[in-house]
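Listed here are the chains, written in short residue letters.
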Amino acid sequence: MDHKADVIIELKQVNKFFGEHHVLKDINLSVKKGEVVVIIGPSGSGKSTLCRTINRLETIDGGEILIDGEEMPSEGKKLAEMRAKVGMVFQSFNLLAHRTILDNVTLAPIDVLHKPKKEAQAEAMQLLKRVGVDSQAAKVPAQLSGGQQQRVAIARALAMHPEVILFDEPTSALDPEMINEVLDVMTSLAKDGMTMLVVTHEMNFARRVANRVIFMEDGAILEENTPEAFFANPKTERAKAFLETVTVH
Amino acid sequence: MNTSQTSIRDILYEPPGVKTKRMIQVFTVLSFIAVMLLIYVAVRQFYITGQLDARYWYFFAKPTTWIFLGEGLAGTLEAAVVAGFISFGLAFLMMLGRINNIRAFQAIARALIEFTRGVPTLLLVYFFFLVVPQYGITLAPLWRISLPVAISASGIVAEVLRSGINAVPNGQREAAMSLGMKESHTFLKVVFPQAFRYVIPSLIAELVIVVKDTTFAYVVNFPDLMQNAKVLISNYNAMLPVYLVVAVIYIIINYLLNKASVYAASRTDSTTNTAAS
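Everything quoted here is computed from the prediction, not taken from an experiment. Every residue gets a number counted from 1 within its own chain, in the order that chain's sequence is written. To read the labels, note that chains go from A and ligands from 1, taken in the order they are written. Owing to the predicted nature of the model, reporting of local features is limited to residues with pLDDT of at least 70; listing and counting of side-chain atom pairs is limited to 80 or more, with chain, interface and lining totals taken over all residues. Each side-chain value is worked out from all heavy atoms of the structure, with water and hydrogens disregarded.

1. Quick look at helix H4 (residues 117–130) of chain A
All names here are of chain A.
Line of reasoning, step 1. Helix and strand labels come from DSSP, where a helix needs a run of H or I of at least four residues and a strand needs a run of E of at least two; each type is numbered from the N terminus. By this rule, a helix spans an expected 1.5 Å times one less than how many residues it contains. With 14 residues, H4 extends 20 Å from end C-alpha to end C-alpha; this agrees with the ideal 20 Å at 1.5 Å per step.
Line of reasoning, step 2. Every buried residue belonging to H4 is among Ala120, Glu123, Ala124, Leu127 and Leu128, and all of these are buried. Each buried residue of H4 lies within a common arc of 140° when the element is viewed along its axis, so the set occupies one face. The outward face of H4, more than 90 degrees from its buried face, is lined by the exposed residues Lys118, Gln126 and Lys129. For every residue, the accessible area obtained with a 1.4 Å probe (protein chains only) is divided by the maximum for its type, and the residue is called buried under 20%, exposed over 50%, and partly exposed between those limits. Each direction from the helix axis to a C-beta atom contributes to the arc, which is the arc of those directions.

What follows is the structure in structure tokens.
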């Protein structure tokens with residue numbers, strides 16, 4: 001990998017332990033502007049943890065994480081500022097339960113970017129429209145379906161104009177009929193050139209949308225390839241075995 | 001049976017069968033008879049000892065009696081509200097100390113919580129009444145009662161608030177932080193408002209204790225309901241009637257507070273029951 005200015009996320013020799021358990025092993029990874037990178041792998045392979053270390057929701061025990069060429073600090077104002085550049089969409093949506101949908105989307109632009117309320121709301125409504133839930137703006141999260149909540153979560157991330165969005169298994173908590181409405185939004189984001197790092201079990205999404213697929217197991221990156229090459233011809237036995245288990249159904 | 005609502009009873013116990021239903025009926029009748037008997041015995045005893053005599057009750061027909069008791073009630077509510085606010089402020093600080101990462105703050109907060117929970121309210125009342133003036137600090141009667149009552153409740157309120165903080169799903173915090181919100185803003189704008197909603201019923205329950213603790217006002221000569229009751233008693237030499245009436249007033253206040261907490265609990269439930277978990 002070259003160190004050009006268009007690299008947005010760069011991980012160098014990242015290691016992490018949960019007690020004795022070595023959950024991330026010498027991870028090297030870089031994501032360029034406009035790229036869609038999909039991380040797949042069996043449960044417990046460390047892919048979610050990897051995703052969460054990037055905006056430091058998880059600490060690391062070794063290595064470096066650079067966002068836009070700058071090292072992610074471990075705390076303080078600077079960390080908050082850098083997190084604002086990295087959007088995150090969670091498996092469990094994590095919409096703020098006591099706020100309306102509109103407030104969920106405007107909270108950070110007002111609090112962090114100091115946008116005037118009117119402006120933030122106007123933009124939020126546009127974003128909600130873009131993900132197709134603008135009619136729900138006045139409700140609270142509990143009144144929405146999972147698919148709708150996750151689309152709001154995407155709008156909320158977009159409202160901060162992040163340079164990259166991390167998706168941590170965005171469809172794993174959804175009922176089957178709602179998975180596609182979320183994947184469709186993600187696909188259209190990718191088409192618009194959003195840089196995305198996606199941890200998922202949706203192989204079709206990886207096949208269709210990813211520029212690059214990363215296969216993880218036991219806390220290490222085992223393979224990194226274009227989706228065509230990876231799905232047609234996985235190099236490692238473990239990736240082969242994994243693909244057989246997930247593509248049977 | 002009410003099907004629209006599931007009570008704790010429905011969750012804990014099987015629906016009663018034929019035999020159990022019979023038993024429930026029998027015990028309902030028996031306990032009703034027992035309660036009636038008790039009331040009869042009590043009233044009869046009052047009658048025998050002359051407590052129902054008109055001379056012990058006539059002054060309740062005078063408006064001035066009720067105005068006087070009303071003033072006492074206002075005093076009680078004033079002391080309770082002031083104590084409630086102070087207690088909440090102290091509790092908030094102790095809670096912050098307790099959830100802080102700094103060990104020293106944790107230790108101090110923990111010690112304060114244990115102290116305030118452990119010391120009897122009356123002891124604190126005496127402290128503010130007898131010891132504090134020794135240092136040349138003279139407090140108005142309202143503060144002499146509100147401060148000790150507030151301090152006495154603050155430790156428990158601090159722990160209630162902390163339990164609320166712990167009940168907020170971690171994802172809420174993570175979501176706010178991942179949007180670039182500072183730790184302090186995340187706490188004040190996202191975590192605490194939710195924690196507060198969770199604990200409103202417990203806070204109201206604590207307010208009931210605060211209301212009851214304000215009865216120590218008689219020690220410091222603050223004109224609360226209890227103090228004014230004592231004045232009535234010495235004027236009319238009618239201890240039992242006055243205490244009975246005052247007890248009923250306290251019961252009504254606290255019943256209303258409990259109603260409010262049940263209402264608050266049901267409201268917070270409906271807005272957060274599926275809180276992104």
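From this point on, the discussion continues.
2. Describing the packing of helix H4 (residues 103–118) of chain B against helix H6 (residues 141–167) of chain B
All names here are of chain B.
Line of reasoning, step 1. Between N-to-C directions, angles cover 0 to 180 degrees, with each direction set by a line fitted to C-alpha atoms, over the stretch in contact for helices. Viewed as axis vectors pointing N to C, H4 and H6 meet at an angle of 125°, and their least axial separation amounts to 7 Å. Judged by the inter-axis angle, H4 sits oblique to H6. You can see that H4 and H6 cross each other, and the crossing is left-handed. Mapping the contact onto sequence places Ile113, Thr116 and Arg117 in H4 and Ile151, Ser152, Ser154, Gly155, Ile156, Ala158 and Glu159 in H6.
Line of reasoning, step 2. For this scheme, ten residues count as nonpolar: Ala, Val, Leu, Ile, Met, Phe, Trp, Tyr, Cys and Pro. Four count as charged, namely Asp, Glu, Lys and Arg, and the remainder, Gly too, count as polar. For the contact of H4 with H6, the per-class residue count stands at four nonpolar, four polar and two charged. The labels follow the angle: roughly parallel below 35 degrees, roughly antiparallel above 145, roughly perpendicular from 65 to 115, and oblique for the rest. With the far helix as reference, a near helix turned anticlockwise by less than a right angle produces a left-handed crossing, and one turned clockwise produces a right-handed crossing. The contact rule is simple, with two residues in contact once any of their heavy atoms fall within 4.5 Å.

3. Remarks on the environment of Gln106 of chain B
Residue and element names in this part refer to chain B.
Line of reasoning, step 1. The residue Gln106 is located in helix H4 in this model.
Line of reasoning, step 2. Measuring from C-alpha to C-alpha, the distance between Gln106 and Met94 comes to 8.7 Å, with 12 residues separating the pair along the chain.
Line of reasoning, step 3. Every residue in contact with Gln106, bar those within four places of it in the chain, is listed here: Gly97, Arg98, Asn100 and Asn101.

4. With respect to the sheet that holds strand S4 (residues 62–67) of chain A
All names here are of chain A.
Line of reasoning, step 1. Being paired, for any two strands, means DSSP has found at least two bridges between them. Reading across from one edge, S2-S1-S4-S5 is the order of the four strands in this open sheet, with antiparallel pairing throughout. Either end of the sheet is taken by a strand with one partner, and the two such strands are strand S2 (21–32) and strand S5 (70–71).
Line of reasoning, step 2. By the bridge criterion, eight bridges tie strand S1 (residues 7–18) to S2 in an arrangement that is antiparallel. Paired with Phe17 across the two strands is His22, which belongs to S2.

5. Some points on the nonpolar core
Line of reasoning, step 1. Nonpolar cores were defined as sets of buried Ala, Val, Leu, Ile, Met, Phe, Trp, Tyr and Cys residues, with membership established by side-chain atoms within 4.5 Å. Ranked by size, the top nonpolar core spans 50 residues in total, and within it Ile40, Leu128, Ile154, Phe167, Met186 and Met196 of chain A carry the most contacts.
Line of reasoning, step 2. Sorting elements by how many residues they give to this core places helix H6 (residues 176–191) of chain A first, with eight residues.
Line of reasoning, step 3. For Phe167 of chain A, the contacting residues outside a window of four places in its chain are Cys51, Val89, Ile154, Met186, Leu189, Met196, Leu197, Val198 and Val199 of chain A.
Line of reasoning, step 4. Membership of the second largest hydrophobic core comes to 36 residues, among which are Ala83, Val149, Phe216 and Ala264 of chain B.

6. Topic: the interface of chain B and chain A
Line of reasoning, step 1. Residue-level contacts link 23 residues of chain B with 26 residues of chain A.
Line of reasoning, step 2. Summing both partners gives a buried area of about 2100 Å² for chain B against chain A, and 60% of it is carried by carbon and sulfur.
Line of reasoning, step 3. Any carboxyl oxygen of Asp or Glu that lies within 4 Å of a side-chain nitrogen of Lys or Arg is treated as forming a salt bridge with it. Where chain B packs against chain A, one counts two salt bridges.
Line of reasoning, step 4. For Glu174 of chain B, the salt bridge is made with Arg52 of chain A, and the minimal N-O distance between the two is 2.6 Å.
Line of reasoning, step 5. Each polar contact in these results corresponds to two N or O atoms within 3.5 Å; when the atoms are within protein, one needs to be able to donate a hydrogen and the other to accept it, and residues that are neighboring in sequence are counted only if both atoms are side-chain atoms. Where chain B packs against chain A, one counts nine residue pairs in polar contact (both at pLDDT 80 or more).
Line of reasoning, step 6. Mapped by element, the contributors of at least two residues to the side of chain B that touches chain A are helix H7 (170–178), helix H8 (183–213) and helix H10 (239–272) of chain B. Values labelled buried area give the accessible surface lost by two parts on being combined, using a 1.4 Å probe and summing over both.

7. Section: the packing of H7 of chain B against H8 of chain B
Think of two packed helices as two axes; the pair is described by the angle between the axes and how far apart they sit.
All names here are of chain B.
Line of reasoning, step 1. Where H7 meets H8, the closest approach of the two axes is 10 Å, and the angle between their N-to-C directions is 145°. The handedness of the crossing between H7 and H8 is right-handed. Here Gln172, Arg173, Ala176 and Met177 of H7 come into contact with H8, specifically with Glu183, Thr186, Val190, Val191 and Gln194.
Line of reasoning, step 2. For the contact of H7 with H8, the residue count by class is four nonpolar, three polar and two charged.

8. Some thoughts on the sheet that holds strand S9 (residues 212–217) of chain A
Residue and element names in this part refer to chain A.
Line of reasoning, step 1. Pairing in this open sheet of six strands is mixed, and the strands run S6-S7-S8-S3-S9-S10 from one edge to the other. The open sheet has two free edges, formed respectively by strand S6 (86–89) and strand S10 (220–225), since each of these has just one partner strand. The mean inter-strand angle of the sheet, taken between neighbouring strand axes irrespective of direction, is 20°.
Line of reasoning, step 2. Taken together, the four bridges between strand S3 (residues 36–40) and strand S8 (residues 196–199) define a ladder with parallel strand orientation. Looking across to S8, one finds that Ile39 is bridged to Val199.
Line of reasoning, step 3. Against the sheet, helix H2 (residues 76–85) contacts S6 and strand S7 (164–168), and its axis sits at roughly 70° relative to S6.
Line of reasoning, step 4. Contacting S3, S7 and S8, H6 crosses the sheet at an angle of about 150° to S8.

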